[in-house]
Amino acid sequence: MASILRSSKFVRYIAGFAKNVVVSTPREFDGNLLNAATVQCYCGALPRSLATQTSAQHDQSLDRRLKSLDQDVRKSGRISRRDIEDVLEEIRNARSATSSQSLLVIRCCGTLVPDEMPEIRTKLVQEIWNTLNKLNVPMDVSHYNALLRVYLENEHLFSPTEFLSEMESKGIEPNRVTYQRLISRYCYDGDIEGATKILEYMREKQMPVNENVFNALIYGHSQAGDMDSAHGILSVMAQAGLEPSADTYTTLLCGYAKEGRIETINELINECEQKEVYLLDKDYLDIVYALATNGQSQYIPDILSKVKKTIGYNQDAVNFILRLINKGQDEAAYAILETMVRSTRPDGSLMPVGSFFIRQLVKADKDLETIVKYCKKLEEKNMYQKGLHLATEVSLELGKEVLAYELLNQLKQQGVEIRQHFFWPLIASNATDSSGKGIIRVLQKMQEFDVIPSHETLRDWVLPKLKGKSSEVLSLLRDANISVGSSACGLVTNLLIKNEIAEAATIASSVPAYYVPELIRRPLTNALYATGDVKSYITILRHVYENLKRKINYSDNQDTTIDGAAVIGLFLNDLTIKRNYANILTEVLEQLAEQGLSITTTAAESLESKLGEKMTDHLSGLLGRLTSGELTPVPLSKRPVYTPYYQMNVDQLEKLVQNLESKNVDTVGYKRRLITLYHRENNLEKMEALIEQLKNSTNFELTAGIHAILMDTYAAHDNLEKALEQFEVVKQKETEEFNIDESKIIRIAGLMIKQGKLEEAIKFLEETPRDKGNRGYSYTSQVWRVLNSLAENGQVEELERLFNTLVKNEYIDITTVLLGPLIKVYLVKNDLDAALQKFQWCVEQYKLTPWKNELACKLIQIEDAEKLQKLTDLSTIVHGEINSLYDLVFAFVECGRIRQARKILETPGLQNRPQRINNACERFQQEGLVKPLEGLKDATRDLNHIDRTDIYYQLLLSYIKQDDSEKCLGLWTQMQEEDMAPTDQFLIKLGSFLQEKGLSVPFAIPQPKIQQRPITATSTVPPAVKPAQVFSTFKQKLGNEDLDWCLQYLNNQQDRVSVADCSQLIEKLIHNDRLNDAVKVTLHLLNKGSFPVQKIFRFLLNKVAATGQVDTLNEIGHKLNTDVKRMVSFDNRLCHANIVAGKAKDYLEKLENNIDNATDENLEIISSEFPRGGAYGILEKHPELTKKFEEIGIKYAQKGVVGPLNVLWTKYFIDRETEKANKLWQDYLKDSPRIMFQKIIHTARELQDEDLIQRLTEHLKISNVTAGAVGNVYSCYLDVLVAKNKVEDVVETFENALKQVPIENINRTAVLRVKEIYEKLGKPFTYPIPSKNRSNVQENDDVES
Amino acid sequence: MASSTGRLYKLYVSNIPWTVSHSELRQYFSKYGPVNLATVIFDKNTGLSRNFGFVFFGNRQGFEEAQKLIEHKLEGQVLKVAPSTQDQE
C-alpha cells in the first residue's frame, strides 16, 4: 500500500523527465551570469540559514556562541535577542572579531529575531555596526550588503543615496548585490522611478540582472498600488528567458492580498500548480501576513486551508505568529496557531501548543484583558492549560512589574497560593535602583498578597542589594514593615558573608533578636577564618546563645526545649571544616571558658575524634581528653617486566631465538611461533628455510598445522602445484579430523579460477572439509577478489556458478560488496536489462542494493525514466524514501540534470541530511567532478535547511585547481547574494589565491590564528586619516626590501603598522641575517601586548634558539603567557637554545629544581614547561646525561607527570634498547592515558625505517591507546612502505590495519596512496576514503599538547 | 572532608515548575522518607528558578523509594528524578 503511494510520488520527479531532458542541458556555471541568480522573496524576507561553520581557530567562546546561534537558526529559523547581545558582549570583551564573525552577527539582526520589534532590531544592528567600526574590524562590501539586507528585513527607512555616499567615503565599491538591494529599498516605497534609475545604472555597468531584481520590481509596483504593472513583470521575465519561481509568484500573490483580490489569488495559485511551481507553506503564510497587515483578514481562512502542513510547518508558523503579534494582529496570529500540527504524547493525549503565543503577548506589552482572554481561549480549546501561570512567569522574567502584580492577582483569585520566591525576580530587577526604594516597594506589595518576607528572601535577595550603612538598611526595612528581629538576623548573616565580622558583632550586641543558629553558623565560621577576629566571634556566639529563648516566637512547636550548650557545641564542631583549625580552636575554647559558656560532652567527644593527631596537651587539657593515631606509609614496590614471546613481533622473536640458541636453550616452541609470524608476513623464503632447519632437529614434529600454513603461503605465492602437494600431506596427517580454514580454501580455489580451472575450484570448495574461522574483513575481500575477477571478464555463467556454490556451501555472509560483481558482470557487457533484473533479485533476496549509483547514472544517461523509477522503488524498500531520494539527487547531479535534482530537494518535508551532502561534495571535488559540484550548488540554492558552505568551499578548491580567478571571485559575490557568510577558511584560501595571481583582494583576509587572541586591551590601531595609503606605502617599501626605511618608520609611527606587516618585516629581517633587528621588532610587538603571526613567530624563535641565545629567549618568554608559549612550543625552543649554547646540563638542573619545588598549585605549569619535544635533543646530543635525565623523569613521574619519561622511552625505543624501554613502559607509562610517540613516527618516516614503525605497531597492540593513535602509526607504516615501493606489503599492511582500526582513523593521504597502489596492481579499491576533517582530528590526536 | 559520614542520599530533581520552591519540594518528597534538605536552585542575578534542585534524604529507604516511582508529578509538571552523581562529599 505504502509503495503505491510512494511510486505515485516519484512520478512527479521523474514524469517530466523525458520531455525535460531535451531542453535542459546541464547548466553551465558562470559566477556572474543569469542562471546563477538566487531567489529572494520580497513580501517578507524569510530566515535564511546562517550556513556557516565557524572555524575553531578563533576566540573559542565567541565561536562557541556563534555556533550555537547557527544551530538555533537551522533548527527553528530564529534566535533570541539575548543571544545576539551575548555575542556582542563577547566581541567587546575580546576587542576583536574576524571579518566573517562580524558578518554573521550583522546578519542576525533581521527577521531571524521575529519576537523583537523591527525598530529594536535596527537599533541593535546599528549598535553592532558602531562597535565593529570602533574596534576597527575590517569591513568590506559583503558587510554593507548584509547591513542592507537587515535594513530591508526590518523595514528601516534609510536613504539609499546616503548609504551609497557612506560607502564611497570608505572607499568601498558597491557591487551587483548592493544595487539589487537598493532597488528593493526603492520598491518598498513603491518608487519605481528610483528603482529604474539604479537598474539603468546597472545596465550601463553591464551588471547582470536576475530574478531577484524582477521580484523586487513586482513588489515595487504592488507597493505603488499598480497590480497590472506588477503582473506584467512576469512577461518581462519571460522575454529575458527567466522562469518565474515560487518566490516570484508569492511576491505577486502578496500584492493581490494587499488589495483583497481573493479571486485573482486563487487563479494564480492554480496557475502555479499547472506550471509545476510548488508553493511552500511559508509562501502561503506570507500571503496570510499580507492579508492581515492590510486589513483583509476575512480571507485568511481561505488561504490557511491551503497549507500542506509538511515537516517544518510548525516552525514557520511560529515565526509568522510572532511577527503578527508584533504587528498587533493577534487575531490572525491566533488563526495560524489553530492550524499548527500537534504531536501526541505516548499516552495518546495531545501535546500542548501555544506557550510561545502567550509569551509573545506578554513580551509585546498587550494589556491584561487581552492576555487573560487568550489564556482562557487556549484553555477552553484544550490547547494550553496553564496560560496564566505562564504569562505570570514571563512577566516576572521580563521584569514587567505592574503586569506581574495584575497577573498574580488573577492567580490569587483562582485560588493559587502566592509564594515568597514569586517576588524574587522583581526584587532582582529593582536591584539597580540604588535608593533601595524599588526593593522596598516589592516588599510592601508582597505583604499585600499576605506574604511575609522570609529570612531567605531578606538574606539572599534583599540585603545583598541594599546599599548604605547598617542603621540605614534597618530603617529602610522598617519602612517595609519588616520586623526588627528578621532584619537584624538577616543583616548579621549578610555582613558575615562579606566577612565584616566586627560590624556584625556590633549589630548583634545592639539589636536583641533571635539569631537563627542554622543560618548564622557557617557564615560565622568562614568569617572567623577570613579575619582571625576571635573576639567578635565570641561576641556573636554569646548573643546567639543569649537570644535562643526567643525561638519560641518563631516556632509552632511549643514544647521545643532549647539546649544552649548543644548549640555552642555545634558551632565549635563547625570550625573543623578548615584544616588548620587547631590553633584557632584553642583560642576560641580559652575565650569561651572566660565567657563561662559550657559545651556538652557529646560535642567535646566529637571534637576530640576530629582533632585526632592534631590534639595538643593544651587542647586536651581544655577538652579533658586525648587520643592519638599513627600511620606508616608503605613504599611502592616495583615489578619486573618482560614481553611474553607470544606478544613479540618477528624481530623480537628472531633475536630471542638467536639469543637462546647461543646459550644452548631449546627453541623449538619459539620457532613454531615464528612460522606463524612468517605466515602472517607472507614470507615464504624465511619459512621454507626455517622448516628445512627444523626437519633436522630431533624433537620437532612437522604437524598438520604447519603443513597447512605452508600450503597457504604457497597459494599466496600463486604456486598451485606445491600448495596442493601440501594439501595432500595435511589430509594424510589428519585422517581423523581433517579440516581446513575457510580462508585457505578460498585462496586455493581462487588460484584455480585464476588459472581457468573453475570446475576444479568448485569441486574443491564443495568437498574440502572446513573449519569456520572468524570472517574478518580480509576474508570477505578475498572472496570478493575472486568473484570480481570473473565479473571483470564478463563471465556471467561462471560467476553465477561460483556464487551459488559459495552460498550453498555457506562460504559467505552476503553483503552489498559481495553482490557487486553480480551486477558488474552485466554492466561490463552493457546489458542494462539483465543488470536491473539482477538488482531486483538482490533486493528481493537479500534486501541489499549493490552498484545502485552506477546503475542510476547509466539509466539517467540513457534517459530511461521507467527503469529509473523501478530502481528507486526498489531502493526505497531497502533504504527508505529519504535516503533513496538523496541518492537520486546525487545521481542526477552527477549526470548534470540539475532541474530534476532540485525538484527532489524542494520536496516539502524532505528531511535534511547534511552529512550526505557534505560527503557528496567532497567526493565530487576529489574526483575532479566540477560540473556536478556546480550542479549541487544550483540545486541546493535557497533551500535554507541545507548547509551549503561546504559546497562553496569545495567549488573554490576546484576553481583554484583550474586556475580561474574570475570564477573564484564570482563565488564570493554570489555568497553575498545568497546571504551566506563565507568561512575564514574560505576567505583565506580565496584571498591568498588572488594575491598569488597579483589581483586585488576586495576583503580583509582573516589573519592566522594566534593574532586573534590579543593579550592586553591596548592593541587596537587608532584610525588614521588615510590609513590605507600609509599602510600601502609601508607594504611597498617592504616589498622593495627597504628594510631600514621600515624600521625607522616603525620607530616613529609604531602604532600605525599592523601586526601582519610587522610580522612580514620580521620575516624579511631574518632572511637578511638581521636577527637582532628582528628580535627588536618582536619585542616591540610584545610590549604592545600582541605578537607576530604564529608562523613567523615560530620561525623567529627557531632562529634565535639555533644561535643559542638563551638570554634573548628568556626575555621573550617573560612576556608570554602559558597559552601562547604552548602555541609556539616556546619551551622546546628554549631547550634547544640551551643545547646549542652548551648549557644542557644547567638546563636539566633547572628543570630538576622546578619539580623539586613544585606545589599542587603550580604543578600544572611546571608540567607544561617541560620541553617534551626539545628534551629529546638533550638525549641525542648528550648521551652522558641520560642517567640524570632518568632521575629527573622519575621525580616528575612521582608527581604524576609522565611526559619526561615518555621522552626517554621514545629514545630507548628508537635506539632499540628494548629492555630499558620495556621497563620504563611497564613501570610508568602503560597506564598513562596519553602516550607520545610522534618522534618515533617522525624518525621512521625520515629514515624510512620499516622495522622501527613495525615494532611500534606491534607495541601498540598491547597498549592502551586510541584508535586514532593506532591509525596514525599505520598511516606512517603505509607511507614508509609506499616510499620503498613495497607494493605487496602495502596491501597486506593496509588490510592488517583495517582489522584493527576503522579506515576513518587512517590518514587520508596515506589511504589515497594505498589506493594508487591498488590501482597500479589492477586491484579494485573498494574502501571509502576518509573525510578530510576526520583525518585532521586524528593527526592532532596524539601530538604533544 | 573532616569526617565522611558515608553516602549521602542525594537526589537530583529537574524540570521543576517555576512555582515550586524549597518547602514545596521538601513537602512533596517527604512522603517517601525523612528529608534532611530540599533545595531549588535560583539564578543569583535574575531571581528566577533554574528549574532544578536537590533533595537529601535522611535514610536509604526514602532515597530508594523515591526512585521507584516512574512518574513524579508536581503542580501539573512531570519531574525528572535521578540520584545525584556526587554521592560522596
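The structure displayed is predicted, hence computed values, not measured ones. (Residues numbered from 1 in each chain as written. Chains lettered and ligands numbered in written order. Predicted model: local features only at pLDDT ≥ 70, side-chain atom pairs only at ≥ 80, totals over all residues. Heavy atoms only, no water.)

> What exactly am I supposed to notice about the environment of G53 of chain B here?
Residue and element names in this part refer to chain B. Within the secondary structure layout, G53 lies in strand 3 (residues 49–57). We classify G53 as buried; its relative accessible area is 0%. Along the primary structure G53 and S14 are separated by 39 residues, whereas in three dimensions their C-alpha atoms are 6.3 Å apart. (Helix = DSSP H or I, 4+ residues; strand = E, 2+ residues; numbered from the N terminus. Buried < 20%, exposed > 50% of the residue type's maximum accessible area, 1.4 Å probe, protein only.)

> Explain the UniProt feature "repeat: PPR" (unreviewed entry) in chain A here, please?
Residue and element names in this part refer to chain A. Under the UniProt annotation, the feature "repeat: PPR" (unreviewed entry) is placed at residues 140–174, 175–209, 210–244 and 245–279. As a span, residues 175–209 carries 74% helix and 0% strand, and end to end its C-alpha atoms are 12 Å apart. Summarising residues 245–279: 77% helix, 0% strand, and an end-to-end C-alpha distance of 9 Å. (UniProt positions renumbered as here; feature names shortened; annotations may be inferred.)

> Honestly, the packing of helix 67 (residues 1203–1214) of chain A against helix 70 (residues 1250–1261) of chain A in this entry has me stumped. Any pointers?
Pairs of packed helices are described in terms of their axes, by the angle between the two and the distance that separates them. Residues and elements named next belong to chain A. Viewed as axis vectors pointing N to C, helix 67 and helix 70 meet at an angle of 125°, and their least axial separation amounts to 10 Å. When the interaxial angle is binned, helix 67 and helix 70 end up oblique. Between helix 67, through W1209, F1213 and I1214, and helix 70, the contact on the second element is made entirely by L1252, R1255, L1256 and H1259. Residue composition of the contact of helix 67 with helix 70, grouped by class: 5 nonpolar, 1 polar and 1 charged. (Axes fitted to C-alpha atoms, helices over the stretch in contact; angles between N-to-C directions. Parallel < 35°, antiparallel > 145°, perpendicular 65-115°, else oblique. Contact = heavy atoms within 4.5 Å. Nonpolar A, V, L, I, M, F, W, Y, C, P; charged D, E, K, R; others polar.)

> Would you mind showing me how to read the packing of aromatic side chains here?
Describing an aromatic ring pair means giving the distance of the ring centres and the angle of the ring planes. Residue and element names in this part refer to chain A. Across all of its chains, the model carries 36 aromatic pairs over all chains by this definition. Between Y334 and F357 the ring centres are 6.0 Å apart and the planes differ by 65°, which places this aromatic pair in the edge-to-face class. Of the two residues, Y334 is situated in helix 18 (residues 330–339) and F357 in helix 19 (residues 355–363); the sequence distance between them amounts to 23 residues. F357 carries the same exposure label as Y334, and that label is buried. Aromatic pair Y1274 and Y1277: ring centres 6.4 Å apart, planes at 20°, arrangement stacked. With a gap of 3 residues between them, Y1274 and Y1277 both fall in helix 71 (residues 1267–1283), about one helical turn apart. (Phe/Tyr/Trp six-rings, centres within 6.5 Å; stacked < 30°, edge-to-face > 60°.)

> Honestly, the confidence of the model for chain A in this entry has me stumped. Any pointers?
When pLDDT is low, close inspection of the predicted coordinates is not appropriate. Residues and elements named next belong to chain A. In the predicted model, chain A carries a mean pLDDT of 79, and the fraction of residues at 70 or more is 86%. Here residues 624–642 is a poorly scored stretch, pLDDT under 50, and it has 21 contacts once near neighbours within four places are set aside; other chains count. Note on residues 1334–1345: pLDDT under 50 across the span, and 30 contacts to partners over four residues away in sequence or across chains. (pLDDT = per-residue confidence, 0-100.)

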